[in-house]
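Tertiary structure, described
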Amino acid sequence: MNRLFAPILLALVLVVVGSNVGEAQQVVTADGKQFSTTEMRISYQDTVVFMNYDAVPHQVFSSSNGLRFNLKRLLPGSGGAVRFAKRGVAEVRCAIHRDMRMKIIVE
Amino acid sequence: MAHDATFSVKAADRLRDLTLVAKLSLTMAALLLSLAGVIGMTMVSTRASIARHTRELVDARRVKEMAILSLALLRSQDDMSKAMLLDPARMDSLGVAKVEAFDEATALLKRMDSLSTSADLRRLTNNMRQVDEQQLRAMDTRILELTAVGDARAATRLYFDEYEPVRAQYEALVGQLGAVAEAHAEEAARRVAAANRRALVYISIALVIGVVFVSIALYGVARKMGAKLREAVDLMDMVARGNLTRAVEVDGHDETGRMAASVNAMVRDLRRMIGEIKSTSTRLVTSSGEISNAADESSSAVVTLGEAIDQISAGAQEQATVTNETVGVVKQMAASIEAVVQQAAEMAKAGNHTVHVARRGSETVRSAIQGLESTRATVLEAAARVKELAEHSARIGDINKTVSSIADQCNLLALNASIEAARAGEHGAAFRIVAEEIRDLANESMASSGRIGQLVAAVQTGMADVIEAMRVGTTNADEGAQQARAAEESLDEILRTLEGTNGELQRIAEHAHTVTDDVGRVASMVESVAAVAQQSAASAEEMSAQSVQVAEAITRIAKISSNGEVEGEREETLPVMARKLDRLIAGFEV
């Protein structure tokens, strides 16, 4: 069911988030209690969409200085977007699964 | 082996030759170095031991503190878990804080593991980490998942049924770890205190040993110095009593050895000096007699010398007088020579003037000869021209004769023409007139030719006179030139003679100057000789006076050197003094 609706949800999120012309969007998925990548490079003002493809909930957040965000609970099949308005390195983690880690480098 | 033995002997000799101060300094330095080495090694060893035990103490305390802190962090996470179980909506905010507390606890566990130096501490730390990673973390994740999906009941059950017992086990491990760490810290503190005590004991022992060695060294030096000083004082007492036969033993080259050597040298010098004084006094007695005899002889010699000096004085006085007269004569001679020099200079000057005049005469004669030769050449040239004129006039005469002949023939032809005109009658009248005219012209030509011939003859006669006069003039010019040349040669001869004479006069003047200088020097030398002669006379008189004093002094010496005391004098004679000296020296045993 989640597998079926997730692409539709992702498309909707991308349509909503991508309304700002000139800003790129990147997608990170959580699957198997791991992020789809351990490191990502994006440009200033880009948006990253986190999609939960797992069967368990996740809570994606970053406590890095200047790049804090907290997407709160992402139930299976749901997603959330973060627009990075500052340059730096964001250490992205899951509050439920402590081993889930990735790095987003905003250039 | 033999080499080592030789080295040891040399080292011992060098040590014995050192001064006392150097020996003491070396001993003190060796002791101080040994003490410093012992104390330094003790302090280094103690410092390392204390540092190691202090580090163990600090690490154990830190492990204990970290264990307590990790437990507090775990309890903090549990409190947050309970809050989320009660209100799952708080998970959004508390979830992040819980992760941060978890991260800090994980870092503490790693740090504890690195600080745990003992095996039991490491074992307990590993157990804590295993319980945390393998049990608590998995259960906590599951509780959060259940809470996130809203299944609070299952989450609460899992927390209290499974999570709480494991957490109690973890707390027990933390308690054990704290107790073990505290025990390690106390043990380390005891070791630090023991190391401090041990270092204090070692340093005290080293100091005591050093003080004992220094005391022994000082006692040895003082004892040696005292013994040597006593020996030297004994020797000086014996010397004071007149015994110069003993000496102090010299061992080494330190201050005591040098003192002993100096005392021995002093006694030796004293012994030698007294011996020399003895022999000198003996020789003095003998010599005084010889001096007395010699003084007598010298006295008579001085008298003779005085007479000789008087004679010398008189001779010197006479020499001074004669020399002064010689000075007057030499000065007169110098004045005469000076007059000769002046005359020679004037003669040389006159000779120069004569040479100058002769040169000018010679030049005049030479220019006159040149004028005569020039005149002669001009006359010869004029004579040649006159001869040419004579030849021309001769040819004019010849031409005049031809003209005269032609005029004569024209006269005959005119006469014939007149005859023929007359025969022709009236037709020849005009022709006759022409013939008459031609005949008149011929007559005039003949008359002119006759005058020309006379003039040519007169010219030739005058030219012959001129040529003759020129020849005579040329002959006279030649004779005049020859006489002028003879005069020139005579003047040249005169000039050479004058120049030679003048050179001789110059040389005479120069020689005269040289002679004047020589005479001047002779005069000054004679004056010096006169001064010396006067000084000699004065010196001779002074020597004569001094010879009297010398004679008196020699008489005095003879009296002092004679055997016995001088009558009426407080001074003692040399033999008397020598005998007194002998008596004084007899008190010394050498």
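Residues numbered from 1 in each chain as written. Chains lettered and ligands numbered in written order. Predicted model: local features only at pLDDT ≥ 70, side-chain atom pairs only at ≥ 80, totals over all residues.

**Looking at the overall build of chain B**
Of the regular secondary structure elements, chain B holds 8 helices and 0 strands. Ordered by position in the sequence, the α and β elements of chain B form the string α-α-α-α-α-α-α-α. The burial tally for chain B puts 17% of its 590 residues in the buried class. For chain B, the proportion of contacts with a sequence separation of at least 24, taken over those separated by at least 6, is 82%. (Helix = DSSP H or I, 4+ residues; strand = E, 2+ residues; numbered from the N terminus. Buried ≥ 20, exposed ≤ 12 C-beta atoms within 10 Å, placed from the backbone. Contact = placed C-beta atoms within 7 Å.)

**Remarks on the overall build of chain A**
From N to C terminus, chain A includes 1 helix and 9 strands. In chain A, the succession of α and β elements from N to C terminus is α-β-β-β-β-β-β-β-β-β. Taken over 107 residues, chain A has a buried fraction of 29%. Sequence-distant contacts in chain A: of pairs separated by 6 or more residues, those separated by 24 or more amount to 51%.

**So, the nonpolar core**
Counting 53 residues, the largest nonpolar core has Phe50 and Val60 of chain A together with Val63, Ala67, Leu177 and Ala181 of chain B as its most contacted members. The contact partners of valine 60 of chain A, leaving out residues within four places of it in the chain, are Phe50, Leu71, Leu74, Gly80, Val92 and Cys94 of chain A. (Core = buried A, V, L, I, M, F, W, Y, C linked by C-beta atoms within 7 Å.)

**Overview of the interface of chain B and chain A**
Reports of interface size often rely on the accessible area that becomes lost once the parts have come together. Contact with chain B, which involves 14 residues of that partner, is made by 13 residues of chain A. Elements that contribute at least two residues to the side of chain B that touches chain A include exactly helix 3 (91-115) and helix 4 (119-148) of chain B. Looking at the side of chain B that touches chain A element by element, the count peaks at 8 residues for helix 3 of chain B. For the side of chain B that touches chain A, the per-class residue count stands at 7 nonpolar, 2 polar and 5 charged. (Nonpolar A, V, L, I, M, F, W, Y, C, P; charged D, E, K, R; others polar.)

**Quick look at helix 4 of chain B**
Because the α-helix completes a turn every 3.6 residues, residues three or four places apart line up on one side. Between its terminal C-alpha atoms helix 4 of chain B stretches 42 Å, which fits the 44 Å expected from 30 residues at 1.5 Å a residue. Leucine 136 of chain B marks the point of greatest bend in helix 4 of chain B, at about 35°. Along helix 4 of chain B, the positions that sit buried rather than exposed are Leu121, Leu124, Thr125, Met128, Asp132, Leu136, Asp140, Ile143, Leu144, Leu146, Thr147 and Ala148 of chain B. Contact partners of the buried residues in helix 4 of chain B: strand 6 (69-74) of chain A together with helix 2 (20-86), helix 3 and helix 5 (152-240) of chain B. Note on helix 4 of chain B: the residue one or two positions beyond its end, glycine 150 of chain B, has a positive phi of about 90°. (Expected span 1.5 Å × (residues − 1). Bend = angle between axes of the 7 residues up to and from the residue.)

**Observations regarding the packing of helix 3 of chain B against helix 4 of chain B**
Residues and elements named next belong to chain B. The N-to-C vectors of helix 3 and helix 4 enclose an angle of 170°; their axes lie 10 Å apart at closest approach. Regarding the angle of helix 3 to helix 4, the classification is roughly antiparallel. Seen along the crossing, helix 3 lies across helix 4 with a hand that is left-handed. Counting all contacts with helix 3, which are made through Met91, Leu109, Met112 and Asp113, the residues of helix 4 involved are Arg122, Thr125, Met128, Arg129, Asp132, Thr147 and Ala148. Looking at side-chain class alone, the contact of helix 3 with helix 4 contains 5 nonpolar, 2 polar and 4 charged residues. (Axes fitted to C-alpha atoms, helices over the stretch in contact; angles between N-to-C directions. Parallel < 35°, antiparallel > 145°, perpendicular 65-115°, else oblique. Left-handed = near helix turned anticlockwise from the far one by under 90°.)

**Some words on the sheet that holds strand 9 (residues 101-106) of chain A**
The strand order across the open sheet formed by 5 strands is 3-9-8-5-6 (chain A), and the pairing between neighbours is mixed. In the strand order of this sheet, the two ends are held by strand 3 (39-42) and strand 6 of chain A, each with one partner. The mean inter-strand angle of the sheet, taken between neighbouring strand axes irrespective of direction, is 15°. Here 4 bridges tie strand 5 (residues 58-62) of chain A to strand 6 of chain A, and the two strands are oriented antiparallel to one another. Residue pairing in the sheet places serine 62 of chain A in a bridge with phenylalanine 69 of chain A of strand 6 of chain A. Packed onto the sheet, helix 3 of chain B meets strand 5, strand 6 and strand 8 (88-94) of chain A and runs at close to 115° relative to strand 6 of chain A. (Pairing = 2+ DSSP bridges.)

**Examining the sheet that holds strand 7 (residues 79-83) of chain A**
Residue and element names in this part refer to chain A. Strand order in the open sheet made by the 4 strands is 2-1-4-7, with mixed pairing throughout. Each edge of the open sheet is held by one strand with a lone partner, namely strand 2 (34-35) and strand 7. Both strand 1 (residues 25-31) and strand 2 contribute to a ladder of 2 bridges, which runs antiparallel. By the bridge assignment, alanine 30 is partnered in strand 2 with phenylalanine 35.

**Considerations on the packing of helix 2 of chain B against helix 4 of chain B**
Residue and element names in this part refer to chain B. Contact pair helix 2 / helix 4: the axes reach a minimum separation of 12 Å and the direction vectors enclose 10°. The pairing of helix 2 with helix 4 is recorded here as roughly parallel in orientation. On helix 4, the residues that touch Val63, Ser81, Met84 and Leu85 of helix 2 are Leu121, Asp140, Ile143 and Thr147. Residues that form the contact of helix 2 with helix 4 fall into these classes: 5 nonpolar, 2 polar and 1 charged.

**Observations concerning unusual backbone geometry**
Residues and elements named next belong to chain A. Despite not being glycine, lysine 33 has its phi angle at roughly 60°, a positive value. Of note, lysine 33 is situated in the loop between strand 1 and strand 2. Phi at glutamine 45 takes a positive value of approximately 80°, unusual for a residue other than glycine. Along the polypeptide, glutamine 45 turns up in the loop between strand 3 and strand 4 (47-52). Overall, the presence of 15 C-beta atoms within 10 Å leaves glutamine 45 in the partly exposed class.

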